[in-house]
Amino acid sequence: MIRFASVTKTFPNGKTALKQISFEIADGEMVGIIGPSGSGKTTILRLLINEIIPTEGEISVDDFQVHKLNRKKLPQLRRTIGSVFQDYKILTDRTVAENVGLILEILDLPDKEIAEKVTNALEMVGLSKTEDLFPAQLSGGELQRVAIARAMAMSPKILFADEPTGNLDSVTAKQISKILKEINGRGTTVIIATHDKGVLDFIKPRILQLEAGELIL
Ligand code: ADP
Ligand code: MG
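All values reported here derive from a predicted model rather than from experimental measurement.

Once that is clear, we can look at unusual backbone geometry. One non-glycine residue, aspartate 62, adopts positive backbone phi at about 50°. Relative to the elements of secondary structure, aspartate 62 occurs in the loop between β4 (56-61) and β5 (64-65). Of note, the phi angle at lysine 89 is positive, near 55°, even though the residue is not glycine. Locating lysine 89 in the fold gives a position in the loop between β6 (81-85) and α3 (96-106). Assessed through its relative accessible area of 44%, lysine 89 is described here as partly exposed.

Right under this line is the structure:
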């Protein structure tokens, strides 16, 4: 369960990106956060993963009090929430398997377990047998699928996709939406932030609508 209670975020330059935002997302839900560019979508993700802290208000994810998180608990929180970004953030000098397994390597899991999780995650996004390819050999849609596999490889409870289809054509965008819907169907809470409402037509998530840092729906 994710809970934002009267959350306000004002950056050091005085810009208030979120004003008194309150919402709850239950386990297993599919939610679309929509709003134009600059409305505060990415700020919600950054607050959720404790990359930045709120100026006011409280944020919780299950038992994590994210707004006053003990630093020791940060890795645990980050494993609970998988993130996917518009620009993929795939390392170009590593293979697909190395990208998907990167976090598992950092967690120092046994090689065999990493290989298994990487295979399963790639299967989930329809990219079996691409393990040894390099990012330059993949299309944008495939790169985003690798990024989704990387997030899912650590079996997060929550998947947050921030403008996951922003750089993709509409056919490929629909394919990504379909994969995210399937992931939600298997029990993961999925949150998709997008300025493009059309991307959500196929998924039909519950909508949270942002307008200049305020939740209007
Ligand atoms: P969105 O993801 O919906 O496009 P953001 O959450 O990235 O919007 O940004 C919301 C607002 O906060 C924008 O006006 C943006 O310029 C501003 N903003 C974001 N990050 C910072 C920052 N680090 N410092 C100052 N202003 C910021
Ligand atoms: Mg954004």
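Once the structure has been displayed, the description carries forward.
To continue, consider the pairing of strand β1 (residues 2-10). Strand direction decides the pairing type here: β1 and strand β2 (residues 16-25), joined by six bridges, are antiparallel. Considered in β2, the bridge of lysine 9 is made with leucine 18. Linkage of β1 to β2, two consecutive antiparallel strands, is achieved through a turn of five residues, within which glycine 14 is found at a positive phi near 95°. Bridging between β1 and β4 involves five bridges; their strand directions are antiparallel. Each bridged residue has a counterpart across the sheet, and for alanine 5 the counterpart in β4 is glutamate 58.

Here we have six strands laid out as an open sheet, ordered β6-β7-β8-β3-β9-β10, and mixed in their pairing. The open sheet terminates on both sides in strands that have one partner only, identified here as β6 and β10 (214-215). Of the strand pairs in this sheet, β6 and strand β7 (residues 158-162) are connected by five bridges, and their pairing is parallel. Paired with phenylalanine 85 across the strands is aspartate 162, a residue of β7. Here helix α1 (residues 41-48) sits on the sheet and contacts β3 (30-34), β6, β7, β8 (189-194) and β9 (206-211); the angle it forms with β7, its principal contact strand, is near 145°.

Turning to the packing of helix α5 (residues 140-152) against helix α6 (residues 170-185), a few remarks are in order. At a minimum axis distance of 10 Å, the contact between α5 and α6 shows a crossing angle of 15°. Our classification of the angle between α5 and α6 gives roughly parallel. Here α5 runs over α6; the crossing is right-handed. For the pair α5 and α6, the contacting residues are Gly141, Gln144, Arg145, Ile148 and Met152 in the first and Thr172, Gln175, Ile176, Ile179, Leu180 and Ile183 in the second. Its residues assigned to classes, the contact of α5 with α6 shows six nonpolar, four polar and one charged.

The rules we used
- Residues numbered from 1 in each chain as written.
- Chains lettered and ligands numbered in written order.
- Predicted model: local features only at pLDDT ≥ 70, side-chain atom pairs only at ≥ 80, totals over all residues.
- Heavy atoms only, no water.
- Helix = DSSP H or I, 4+ residues; strand = E, 2+ residues; numbered from the N terminus.
- Buried < 20%, exposed > 50% of the residue type's maximum accessible area, 1.4 Å probe, protein only.
- Pairing = 2+ DSSP bridges.
- Contact = heavy atoms within 4.5 Å.
- Axes fitted to C-alpha atoms, helices over the stretch in contact; angles between N-to-C directions.
- Parallel < 35°, antiparallel > 145°, perpendicular 65-115°, else oblique.
- Left-handed = near helix turned anticlockwise from the far one by under 90°.
- Nonpolar A, V, L, I, M, F, W, Y, C, P; charged D, E, K, R; others polar.

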